[in-house]
Amino acid sequence: ELRTGYDFKTARRSLNLLTIEWANRGINLWTVEQGQIVMNLGQAIYALPTDTIDLMDMVIRQNSTTTNQTDINISRISEPTYMTIPNKLTQGRPIQVWINRQSGQENATAVTLSGNINATDTTITLSDASSLATTGFIKIGAETIAYSNVSGNQLVNCYRGQNNTTAASHLSGAAITVQNLPCINVWPTPNAPGNQYTFVYYRLRRIQDAGTGTSDQDIPFRLVPAMVAGLASHLSMKLPNVPPDRIAMLKADYEELF
C-alpha cells in the first residue's frame, strides 16, 4: 500500500493521544528515575527535568566527590510553609525543600535583553521586567537562567546555564522566554560552593511519548497489544473510505484488549 510521510506523522500523533487517553482513564504511565543537582553558593531555586511528576525521596549529599560522603535527610515542606520563611536567602546547610510542580511550559514575551551580556554576568538588564515573577527561570537563546530577585528592570543574582544548558554570551535585543519549570526551592540556601552539597533524589517521571519514532516505545510490554489495537482504531477514524462497520469492529477489539 502506498504510504507517505504524513501517514507516519499522523500515526505518531495518534500514539501520543492514545497514551493521554489512557491517563484520563486511570492508567498513569509513570516510571522511577534517580537524579542529582549540584548546588551553588546562595542559590535557592533549581530546575527539575520537565517530565517530572513528583519527587519520592531526597537527601543532601555532602562531599560527593570523596570516599567519605554523607547523605543527610532534607524535609519536604508545603508552599504555605515556605512562604512564611522570613528570609529565604539565609545561608547554611539546606534542611528543607519545597517542590514546585510546574508544567514545564514556555511562554514567549515582548521583553528583550537590554545590553550585551557575557557567559559570567550575574545581573541582567531587560527592557521591562514588570511582568516577571520575583524569582524563576528565563530562556535566552538556548540557555536557561535562574534568577533570585528583580530590581527595577534588572534580574539580580542570576545563575547561568541551568537545566543542563550552557552559559553563553547574548546580544542586546535578544528575545526573553519565561520558563515554568518544575523546580525545588531549598532553605537555607547553600553556604558553600561547588561539590560541597548535592541534592540527590528519586523522581516519578512520565514515560516518553512516541518521539521521532526511531526507538522502542517506552511502555510496559503487557500494554503493547492494546496500544496496537488502539492505534488501528484511531487511524480508522481518520483514514478516508473506511467502512463504518470496520471502524466499529476495530473500536470493539481495542476496548476488549484494553
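From a predicted model like this one, the values you see are computed outputs, not experimental measurements. For every chain, the first residue of its written sequence is number 1, and the numbers climb from 1 along that sequence. Residues qualify for local features only when their pLDDT is at least 70, as the model is predicted, and side-chain atom pairs are given and counted only at 80 or more; totals for whole chains, interfaces and linings, by contrast, use all residues. Hydrogens and water are ignored here; the side-chain numbers use all heavy atoms of the structure.

## Considerations on the side chain of T177
Link 1 in the chain: Working definition: helices are DSSP H or I runs of at least four residues, strands are E runs of at least two. Numbering for both runs from the N terminus. Note that T177 resides in strand β13 (residues 175-179).
Link 2 in the chain: Pairs of residues are marked as contacts when any of their non-hydrogen atoms sit within 4.5 Å. Once residues within four sequence positions are removed from consideration, T177 is found in contact with E106, N107, A108, F137, I138 and K139.

## Quick look at the side chain of N185
Link 1 in the chain: Tracing the backbone through its elements, the reader meets N185 in strand β14 (residues 183-187).
Link 2 in the chain: In contact with N185, not counting residues within four places along its chain, are A44, I45, Y82, Q96, V97, W98 and N100.

## Some details on the sheet that holds strand β12 (residues 154-162)
Link 1 in the chain: Strand order in this open sheet of six strands is β8-β13-β10-β11-β12-β9, and the pairing throughout is antiparallel. The open sheet is flanked by β8 (106-112) and β9 (124-125), the only strands paired with a single partner. Paired strands, in this sense, are two strands between which DSSP finds at least two bridges.

## Examining the sheet that holds strand β1 (residues 30-38)
By definition, the strands of a sheet pair up through backbone hydrogen bonds, in either a parallel or an antiparallel sense.
Link 1 in the chain: Spatially, four strands are ordered β1-β16-β3-β4 in an open sheet, and the strand pairing comes out antiparallel. Pairing within the sheet leaves two strands with one partner each, and these edge strands are β1 and β4 (70-73). The average undirected angle you get between the axes of adjacent strands in this sheet is 30°.
Link 2 in the chain: Pairing of β1 with strand β16 (residues 197-206), which is carried by nine bridges, proceeds in the antiparallel orientation. Along β16, the bridge assignment pairs Q36 with V200. Between N-to-C directions, angles cover 0 to 180 degrees, with each direction set by a line fitted to C-alpha atoms, over the stretch in contact for helices.

## What about the environment of Q96?
Link 1 in the chain: Examined against the element boundaries, Q96 turns out to sit in strand β7 (residues 96-100).
Link 2 in the chain: When its relative accessible area of 22% is taken as the criterion, Q96 is described as partly exposed.
Link 3 in the chain: Separated by 62 residues in the primary sequence, Q96 and C158 have C-alpha atoms spaced 22 Å apart.
Link 4 in the chain: Aside from chain neighbours lying at most four places away, what touches Q96 is I74, S75, I77, I85, N185, V186 and W187. Each residue is assigned to one of three classes by its accessible area relative to the maximum for its type, calculated with a 1.4 Å probe on protein chains only: buried under 20%, partly exposed between the two thresholds, exposed over 50%.

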